[in-house]
Each structure stands twice: as structure tokens, then as C-alpha cells.
Amino acid sequence: MSSWTEMPLTAVDTETTGTDVFGDRVVTACVVDINGSRVEARNWLADPGVEIPAGATEVHGITTEHARQYGRPHAEVVAEVVDAMYAAWAANRAVVIYNAAFDVSLIAANYPGFEVRGLIVDPYVIDRELDTYRPGKRTLAATCEHYGVRLEGAHSADGDALAAARLAWKLPRRYPVLELADADGLMEAQAEWHKSRQLDFIDYLSRNRKPFHDVSIEWPVRTPKAKAA
């Protein structure tokens, strides 16, 4: 059995029109291949075909006007990002995505027939499982700060993707137990860790009489009709 840590890394990140994985669209995307000290990044700017809300622009800096003038057709961009992910998996690379249940679900919702064809490494899920009781936020920026990982250009797709890759490299060195898993084992573990944490969150919301029907236990791809239980 080979450890997943022996696999080369490809990191993926998207910046979007919002936080609804079933209704929002990609604005920018980046796929970064890490080969030793060599980093190769591919960046995309899409015209999402809809207005980019002011709140989203405040996060990633892309306005509707800019996307319309300089962006490429949304469907073409999503297809090329998916092709890049498929190529990474075909080359036996680990695809790193921070909070994959968001990015992968949004990509899948905008690309009918999308398939997960290999290992996804989600530092968000891993960190929540192995440092469960740490107080504070679990945003990419907060997690990078906690582990001493550089984050350059926060909320840019390329900056966030590279930071996620650095976390994926750092976490098994902080938690050597991760090195014991192969690719299939890590995928299964992350799905179970995510499900367990989400069920705990649903229980908390239920006990406090707060709505929880939009909380999903699925990882890495959410489906519209799935219901947490």
C-alpha cells in the first residue's frame, strides 16, 4: 500500500458569484500543479452570464463589467477546469481543494456528468478532524496562520489554491497518522469525518431549535435532493 503523501499535488480553487453551490457560478478559477520546487498555474476568468453581486466583488475584486469585457464563456471555462482536474487524476495526482464540498459541488452543478476520478485532499476536513477542539475560525486564512503556512493573495483563486497545497503538504508532517492512509483510505476517511462533524452540527442546531435542513452531510459532492439525517 502506497501512502497518498507520495502523490504529486494539484490544487484547485474557484472564486464565484456567491455561496449557493446549486445556483451560483464560477468567476475565476486556478489549477496549480506542484512538481518539487516548480509551480505551474493555469488561471481562468469567466463571464458568468449573470450579475456578480457587490458582496462577491468585495471578496474577489471582480466586477460584472470586468467579467463581461475580459471573461470567457462560463461553460467553456468550467469545462476546461474539469478537464484539468481529470488530467491530474489520470496522472495519479492528488487534487487539493480547501472546503471541497463547496468548490466541487459548484463545479458539478455547472458541469453535468462531472465525476470524481481520484483523490481529493481537503485540508479543511482534515484539520477539523485532527484538531477538533481548537477555538476560532476555520477559514483558509485562519488555518494557514495556525499552521504557519504562507497565504499570498487571499481570495484570489491562484493564491488560495497554492496555500491549500501548502497545507496539504504540512498536515501529514504535523499529524504523521495521515501518512498511513492510501488514496482510497483517505477519501473514505474524509467523507466519514465530514459526515460526523455535520451530524454533530445538525444535532446542535436541532437542540437549539434552529433550521438545519440546508446542512449537508455529503462530501465531496453535494446533490440537490439529498437531505441530512
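Residues numbered from 1 in each chain as written. Predicted model: local features only at pLDDT ≥ 70, side-chain atom pairs only at ≥ 80, totals over all residues. Heavy atoms only, no water.

**Overview of the environment of Gln 69**
Formally: Only DSSP runs of H or I covering at least 4 residues are called helices, and only runs of E covering at least 2 are called strands; the numbering of each starts at the N terminus.
Tracing the chain through its elements places Gln 69 in helix α2 (residues 64-70). Put simply, Gln 69 and Val 50 are 19 residues apart on the chain and 13 Å apart in space, counted from C-alpha to C-alpha.

**Observations regarding the pairing of strand β2 (residues 26-35)**
Moving residue by residue along a regular strand, the side chains alternate between the two faces of the sheet. Going by this rule: Only protein chains enter the accessibility calculation, which uses a 1.4 Å probe; a residue is then buried when its area is under 20% of its type maximum, exposed when over 50%, and partly exposed in between. DSSP-based pairing: two strands are paired if at least 2 bridges between them are found.
In terms of burial, β2 is a largely internal element, nine of the ten residues being buried. Bridging between strand β1 (residues 9-16) and β2 involves eight bridges; their strand directions are antiparallel. Bridging from a neighbouring strand, Thr 16 pairs with Val 26 of β2. What sits between the antiparallel neighbours β2 and strand β3 (residues 38-47) is a turn of two residues, in which Gly 36 has the positive phi angle 65°.

**A word on the UniProt feature "domain: Exonuclease" (unreviewed entry) in the protein chain**
The test is simple: UniProt positions are given in the numbering used here, feature names are shortened, and annotations may be inferred rather than shown by experiment.
As recorded in UniProt, the sites labelled "domain: Exonuclease" (unreviewed entry) are residues 8-177. Across residues 8-177, the secondary structure splits into 44% helix and 21% strand, with the terminal C-alpha atoms separated by 19 Å.

**Structural notes on the sheet that holds strand β6 (residues 120-121)**
Spelled out, the test is: Two residues form a contact once any of their heavy atoms are found within 4.5 Å. Interaxial angles span 0 to 180 degrees and are taken between N-to-C directions of axes, which are lines fitted to C-alpha atoms, for helices over the stretch in contact.
Spatially, the six strands line up as an open sheet ordered β4-β3-β2-β1-β5-β6, and their pairing is mixed. Across the chains shown, the open sheet's two edge strands, defined by having one partner strand only, are β4 (72-73) and β6. With three bridges connecting them, β1 and strand β5 (residues 94-96) associate as parallel partners. If you follow Ala 11 over to β5, its bridge partner there is Val 96. Contacts between helix α7 (residues 157-174) and the sheet are confined to β1, β2, β3, β5 and β6, with β1 contributing the most and set at about 140° to the helix.

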